[in-house]
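# Chains, contacts and geometry: an overview
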Amino acid sequence: MGQITSGIGLVSGINTAQLIEQLLQVESRPKTNLQKQIAVLNSQSTALAEINAKLLGAKNSTSALVQASTFNSTKASSSNTNVLTASSSSSASPGVYSFNVARLVSSQQTITRGFADTGASPVGAGTLSFEFGNAKLESDSDLSQLNGSTGVPRGKIRITDRSGNTAIVDLGRVLSVNDVLDTINNTTSINVVASVEGDSFKLADNTGGAGVLKVENLGTTATATALGLTTDLDADAATITGARINRVSRDSLLSAINDGNGVAVTAGADLNFTAGAATFDVELGAAKTLGDVIDAINGATGNSFITASVNADGTGLALANTSGDLLAVTGAAAGDLGVAVTNGGASVDGQRVIASLNSRLIRNIHGGSGAALGSIDITNRQGATTAVNLATATSVSDVISLINAAGTGVTASLNNAGNGLRLTDTTGGSASNLIVSGAAATSLGIDKNVAADALEGSDLQFRYITESTRLDALNGGSGITRGKFKITDSVGSSAEIDLTQGNEVTIADVLAEINSRGLQLNARVNDNGDGILIEDTGTGATAITISELGGTVARDLGLLGSAANPGDDFNGSFQKTIAIDAADTLQIVANKINDAGLGVKASIVNDGSGLNPYRLSLSGTRSGKGGGFVFDDGGLGLGATNLAEATDAVVFFGASDPAKAIAIRSGTNTLSKVIPGATIDLKSTSTGPVEVAISRDDSTITDSVKGFVDAFNSVITSLNKHDKYDPETQERGLLLGDPTVATIRQSLYNLVSSRNNDLQGQFTSLAQIGVSVGSGAVLKFDETRFANALATDREAVVKLFTFKETATDSEGVVSTTAAGVGVRFDELLQRFTDSSKGTMTTRSNSIGDSVELLNDRIEAFDQRIEAKRLRLQMQFNNMEKILSQLQTQGQALSSMALSSGTT
């Protein structure tokens, strides 16, 4: 016998497997139809997804058109892009704006003396300090604060020297005293040197001529008069000392006095007055000016014996006491206002509240402790000793002037760091050391005995941080970045300090915030007046730690990090120090500075000189005045000098003549708040005005409308692709006759071609502004007609797209009651494409439901077919069994028959 194939009956020889499959295939024809239906539905779903994508594209295009900002788009241009460039947003107001760039920002650049090598020779042991605040004992007095805060008008003056040479000096760009000095001293057509002395400008003629040194006003600004330089002059005078212009008035801001430290104001009484049994208190919480203080004193309840006013010299307050008793004035603000007295008589002439021009008050050195000045002894290098009385000095510049006027053969100036004094012997002698002694000398940091021609005074620790210091004045006027930080005290308790609430204005507010957290510490201004001190009042088990909570506010306040040791106070001084070891080379010093992350970059430059070519260069990493620093080498003798100061950009805005323009200072070369909605990037200085023209950018609007037209046509193309019938090929689109497609098509064409009845302006349809249905039933865009429509009635065009009125029902549901074409399109497309209940979503879900239903039917059909397969297999198996039995019976009968025949 041949091999029996699986599925073929052993008895019948029938191929039952093939027969069953043929029978089931005939019965499975309905399943094939279901699968074809699913394939069609899936293709329709894909087609709908394509249409939905096109509708979403149209929705995005329309969404831009319904925004008023699209129609307010602007463009900015500069008349000189080498000086500045400009960009603008939709919020910028069209117009022409004038800028005159006087100065760009600069970073501080400090360089030391030369060294022979960088990595072999040690520099010497000591301590370097860097201070990032107003730590210098000199300032650059702002002209706006002079003349009792009436300022100095910018303009031109005429100066004639004693040889008859005349120069017109343009002071139209000056903002500070140093600006005036530099401008006059850089005028080469006259030989006149300008300086300051006390509260006045001073001019010195160096020609040797016999004429009159004369200063005159030019034009109507009276600039020379405001500078105090038009006083009647002696014909023989080689020097002019101008009138006192550095004075206060009722209008002087409290924030500007006391070297910019302002006046301490507490929650209660700030001034307490007592004369005999009579007393009264004054609160200054709302005071902004000296006039406010004067009015508060004079109007205080219970005051019948004190009259306050500005003193005769204009340097502070005066109090007239009519009580007949000795006057005592105490309180947190008394010292700052210069009126703290214990035994005042009938009149009290208060201390100075402003320093001399370009200087600092003596009472603000040593962290605000001041100095008790008297006589000092100066011994020059020739051995001559002179007593110099400094008792009358109230400003640091007074000390310098008194020493220089004493004829000792020794001149005084500020030291290289600018934080102390420097005395220089000019006699050329060598018989003696340069010696300065006396209690006042000790207090001034110059009580020294040196075998050299120069004596470097120590850091006098000028106070520039007080409780009244404004947070926006920190870091050179850059302020702080609002944020939060965490303090952990020495017992392990932590608290979050939140400075984002908006009511933190001064250092006092920060201290109150810290001290209110219940930690075992006390926050106050440190003894040097250069930062916040966090005193440890706990067990000292761990070091006080301060960390940021996602910002830089702790760093900006000088408070980031940990105390040096457990139990130590945390001194958040803006003065940072670096220890230099005896073996440290110039390169190691540079590395230590860079590793400290102080905001100063150290590098070594080779100046090419033969003997000592290597210099340490220190650069501020932040531009503008806020990036300036005071560098003190602690006596290492590095001989550092500033090559460039940290300065802010200065721009005169609003008029071609700087004298008539608004002066703007900026810590960066980018101006973002001068013209709202516009950004100005400064590139270089200018000798004349540069104009920035901001105009409407209609190209943006045109492009937006064109984008809408293209997106609309893309939708129509997609609809036509899937909703079509070709009679020649009898090809049918996947969505032919689909009601959803028909609804979309009809709705779109209705909106694009109909007139809008909600609008009252000149334009109420798209066709009127150049958007219409053209050949092939697609939109066409007439840009010329659109431009004419914008020029004719811009507001009507804008309303055609953006107009919308709404109403809110009792349940808070907002609905549109009237709208322009653009808004109607936007809302229509939203209804089509909404991902939860949009028309396309509903239709797509319907197809998905149908596919799911068909798949369920197929699954049920497959189950029936499989059951029938099993029945057929069973039936065939039974048949084989019966045939097998019959075959066996037949064989048995045959055997019986054969047996009978042989018998």
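Data block above holds the structure.
These remarks concern the structure in this document. The structure presented is a predicted model; accordingly, all values stated were derived computationally and were not measured. (Residues numbered from 1 in each chain as written. Predicted model: local features only at pLDDT ≥ 70, side-chain atom pairs only at ≥ 80, totals over all residues. Heavy atoms only, no water.)

### Describing the overall build of the protein chain
To keep things clear, this is the line we draw: By the criteria applied, helices consist of DSSP H or I runs no shorter than four residues and strands consist of E runs no shorter than two, each listed in order from the N terminus. As defined in this context, the radius of gyration uses C-alpha atoms, and a globule is described by 2.2 Å times the residue total to the power 0.38. Working definition: with a 1.4 Å probe on protein chains only, accessible area under 20% of the residue-type maximum means buried, over 50% means exposed, and in between means partly exposed. Note on contacts: a residue pair is in contact if any heavy atoms of the two residues lie within 4.5 Å.
Looking only at helices and strands, the protein chain features 19 helices and 48 strands. Against the compact-globule benchmark of 29 Å for 903 residues, the protein chain has a radius of gyration of 45 Å, which places it well outside the compact range. Viewed in the frame of its principal axes, the protein chain has a C-alpha envelope of about 170 × 85 × 75 Å. Residues classed as buried in the protein chain amount to 44% of the 903 residues present. Within the protein chain, contacts between residues separated by at least 24 positions form 63% of all contacts whose residues are at least 6 apart in sequence.

### What to know about the sheet that holds strand E40 (residues 670-671)
Convention followed: If DSSP finds at least two bridges between two strands, the strands pair.
Reading across the sheet, the three strands line up as E2-E41-E40 and stay open at both edges, with antiparallel pairing between neighbours. Every other strand in the sheet has two partners, leaving strand E2 (84-88) and E40 as the edge strands with one partner each. Alignment of E40 against strand E41 (residues 678-682), held across two bridges, turns out to be antiparallel. Pairing of threonine 670 across the sheet is with aspartate 681, part of E41.

### Brief notes about the side chain of arginine 843
Selection rule: Polar contacts, as counted here, are pairs of nitrogen or oxygen atoms within 3.5 Å of one another; within protein the pair requires one atom able to donate a hydrogen and one able to accept it, and residues that are adjacent in sequence qualify only if both atoms are side-chain atoms.
The residue arginine 843 is located in helix H19 (residues 839-902) in this model. Residue classification places arginine 843 among the buried positions, given a relative accessible area of 18%. Only 2.8 Å separates the side chain of arginine 843 from the side chain of aspartate 738, close enough to count as a polar contact. Those residues within four positions of arginine 843 in sequence are excluded, and the remaining contacts are Gln44, Leu48, Asp738 and Thr740.

### Focus: the pattern of salt bridges
Selection criterion: Throughout this description, the term salt bridge denotes a Lys or Arg side-chain nitrogen within 4 Å of a carboxyl oxygen of Asp or Glu.
One pass over the full model with this rule turns up 28 salt bridges. Note that arginine 524 and aspartate 527 form a salt bridge whose closest N and O atoms lie 3.0 Å from each other. Judged by its relative accessible area of 24%, arginine 524 is partly exposed. By relative accessible area, aspartate 527 is classed as exposed at 57%. Notably, a salt bridge pairs arginine 524 with glutamate 535, separated by 2.9 Å at the nearest N-O pair. With arginine 524 in strand E28 (residues 521-525) and glutamate 535 in strand E29 (residues 531-536), this pair connects stretches of sequence that are eleven residues apart.

### Quick notes on helix H18 (residues 821-833)
Rules: To estimate how far a helix should extend, the number of its residues minus one is multiplied by 1.5 Å.
The end-to-end C-alpha separation of H18 is 18 Å, in line with the 18 Å expected for 13 residues at 1.5 Å each. Of all 13 residues making up H18, ten are buried, and the element is well covered by its neighbours. Of all the residues in H18, the buried ones are Val821, Gly822, Val823, Phe825, Asp826, Glu827, Leu828, Leu829, Phe832 and Thr833.

### Quick notes on the nonpolar core
Heads up, the rule is: Side-chain atoms within 4.5 Å link the members of a nonpolar core, which is a set of buried Ala, Val, Leu, Ile, Met, Phe, Trp, Tyr and Cys residues.
The biggest cluster of nonpolar side chains holds 59 residues, and the ones touching the most others in it are Ile376, Phe485, Ile514, Ile534 and Leu557. For leucine 557, the residues in contact, after removing those within four places along its chain, are Leu471, Leu474, Ile480, Phe485, Leu499, Val510, Gly572 and Phe574. Formed by 53 residues, the second largest nonpolar core is a distinct cluster that contains Phe712, Leu828, Leu829 and Leu854.

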